[in-house]
Amino acid sequence: MSHTFSLLLYHIVFSTQHRASYIDPDLRDEIYPYITGVAQNEKASVLAVGGMPDHVHLLVRLKPTGSVADFLRSVKANSSRWVHERADPPRRFGWQEGYGAFTVSESSAGKVCRYINRQEEHHRQRSFEEEWVDLLKRHNVEFDPADPFGERRPVRP
């Protein structure tokens, strides 16, 4: 076979630094399209983008030649820099280091898009932590229930 054929869909979730509510409605209306533009520069397709003031969900189609980690590094670095450059007066903003990335089948893509587009409605009933733990469990990701965000670092002797 002389060509590569792939369909790699990822539901990606990442948070603002310390899960602070940095993404107000004005910023949201500008940063989501900006993130979509960064993704396009990375040769990715954004099928859905949504979130809350403290986190973002993406459903993206990535090329097999790149990695999720490299894609997210570019999205976070470029969007963070963009927020800082355009803010007058300067505003506090940053992304938390980690993220969640979950594979999605083509048959589930519509359901995931609806879920992402209805984040505000969804979070009237569930906290981000409840949502996060549910995602980890649903995708059989091992985690420490006492530290679901993996924020506690082991203490070195």
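Keep in mind that what you see is a predicted model, and the values were worked out from it rather than measured. (Residues numbered from 1 in each chain as written. Predicted model: local features only at pLDDT ≥ 70, side-chain atom pairs only at ≥ 80, totals over all residues. Heavy atoms only, no water.)

Enquirer: Requested: an account of the packing of aromatic side chains, with residues and values cited.
Expert: Here the structure, examined in full by the defined rule, presents eight aromatic pairs. Relative to Phe93, the ring of Tyr22 has its centre 5.9 Å away and its plane inclined at 50 degrees; by these criteria the two rings are tilted. Of the two residues, Tyr22 sits in the loop between strand 1 (8-15) and helix 1 (25-41) while Phe93 sits in the loop between helix 2 (68-86) and strand 4 (100-104), which places them 71 residues apart along the sequence. Given the relative accessible area of 6%, Phe93 is considered buried. Each ring, one from Phe93 and one from Trp95, has its centre 5.0 Å from the other, and the planes form 80 degrees; the classification is edge-to-face. When sorted by exposure, Phe93 lands in the same class as Trp95, which is buried. Three or more aromatic residues link up through ring pairs in this structure, and these residues are Phe14, Tyr22, Phe93 and Trp95. (Phe/Tyr/Trp six-rings, centres within 6.5 Å; stacked < 30°, edge-to-face > 60°. Helix = DSSP H or I, 4+ residues; strand = E, 2+ residues; numbered from the N terminus. Buried < 20%, exposed > 50% of the residue type's maximum accessible area, 1.4 Å probe, protein only.)

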